[in-house]
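# Residue-level structure breakdown
Listed below, chain by chain, are the residues.
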Amino acid sequence: MTFQPKIAVIGLGYVGLPLSIEFAKFFDVLGYDKNPVRVLELKKLKDKTDEANIKELKVVLNEKLKLSSSESDLKGYNIYIITVPTPINDDKTPDLSYLQAASILVGKHLSKDNIVIYESTVYPGCTEEYCVPILEKTSRLKFNSDFYCGYSPERINPGDK
């Protein structure tokens, strides 16, 4: 049996949307955003971040790329890529609330042998020390035994094409 990637990208901002489009050229992809207005705009081929190639979005949309703001649609995927924002608080510390919420969300749908990849800008150690324990607690699965996790540092400079 060969591995068939079913990819869910969590967060359809300037990182997640272009990533979803690229993966949908080859794999089945769910682009998830908690904001239903954002999902509706994208379904109408409008991208307020102006980072996506709309022609490419039009080609993959509804064929290989499904867009949703419904949590229940996340069930059954085997690769979850988290691309949520990590803003800075007033005291210059990272606001991890988006990562926390996304980790809880993914943890609810995580199954044995799934892979979670964080592509949000975080400090060294954040993935293993902060995010993985949330995934373990929510999913009741064990890291590096039941599921696997990685980090892909974001290399996109918004507005700089």
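Structure report, in brief.

## What about the overall build of the chain?
- Helices and strands together make up the secondary structure of the chain, namely five helices and six strands.
- Each helix (α) and strand (β) of the chain, taken in turn from the N terminus, gives the series β-α-β-α-α-β-β-α-β-α-β.
- A compact globule built from 161 residues would reach a C-alpha radius of gyration of about 15 Å, and the chain, at 15 Å, matches this within 12%.
- For the chain, the C-alpha atoms occupy an extent of roughly 50 × 40 × 25 Å along the three principal directions.
- Every one of the 161 residues in the chain was classed for burial, and the buried ones make up 44%.
- Nonlocal contacts in the chain, meaning residues at least 24 apart in sequence, comprise 69% of its contacts between residues at least 6 apart.
- Roughly 9,200 Å² of accessible area belongs to the chain as shown, and the carbon and sulfur atoms make up 53% of that amount.
- Separation between the mean location of the 21 positive side-chain charges and that of the 22 negative ones in the chain comes to 6 Å.

## Quick word on the sheet that holds strand 4 (residues 79-82)
- Spatial ordering of the open sheet is given by 3-2-1-4-5-6, a layout of six strands whose pairing is parallel. Whereas interior strands pair on both sides, the edge strands pair on one side only; in this sheet they are strand 3 (65-68) and strand 6 (148-151). For this sheet the average axis-to-axis angle between neighbouring strands, irrespective of direction, equals 20 degrees.
- Seen against the sheet, helix 5 (residues 126-139) touches strand 5 (115-118) and strand 6 and runs at an angle of roughly 145 degrees to strand 6.

## Focus: the layout of surface pockets
- Approximately 580 Å³ is the volume attributed to the largest pocket.
- Along its surface, the largest pocket is lined by 29 residues, and Gly11, Asp33, Val84, Pro85 and Tyr98 are the ones closest to its centre.
- With seven residues, helix 4 (residues 97-109) is the largest single contributor of residues to the lining of the largest pocket.
- Partitioned by chemical class, the residues of the lining of the largest pocket number 12 nonpolar, nine polar and eight charged.

## As for helix 1 (residues 16-23)
- The element helix 1 is largely enclosed, with a buried count of six among its eight residues.
- Turning to helix 1, its buried residues are Gly16, Leu17, Pro18, Leu19, Ser20 and Ile21.
- Where helix 1 is buried, its residues contact strand 1 (6-10), strand 2 (28-32), helix 2 (36-43), helix 3 (54-60), strand 3 and strand 4.

Definitions and cut-offs
Residues numbered from 1 in each chain as written. Predicted model: local features only at pLDDT ≥ 70, side-chain atom pairs only at ≥ 80, totals over all residues. Heavy atoms only, no water. Helix = DSSP H or I, 4+ residues; strand = E, 2+ residues; numbered from the N terminus. Rg over C-alpha atoms; globule rule 2.2 N^0.38 Å. Buried < 20%, exposed > 50% of the residue type's maximum accessible area, 1.4 Å probe, protein only. Contact = heavy atoms within 4.5 Å. Areas by Shrake-Rupley, 256 points an atom, 1.4 Å probe, with all protein chains shown as cover. Lys, Arg positive; Asp, Glu negative; His and termini not counted. Charge placed at Lys NZ, Arg CZ, Asp CG, Glu CD. Pairing = 2+ DSSP bridges. Axes fitted to C-alpha atoms, helices over the stretch in contact; angles between N-to-C directions. 1 Å grid on protein atoms, 1.4 Å probe; cavity = no way out; pocket = protein on both sides within 12 Å on 5 of 7 lines; lining within 4 Å. Points joined across faces, edges and corners; volume = space filled by probe spheres on them. Nonpolar A, V, L, I, M, F, W, Y, C, P; charged D, E, K, R; others polar.

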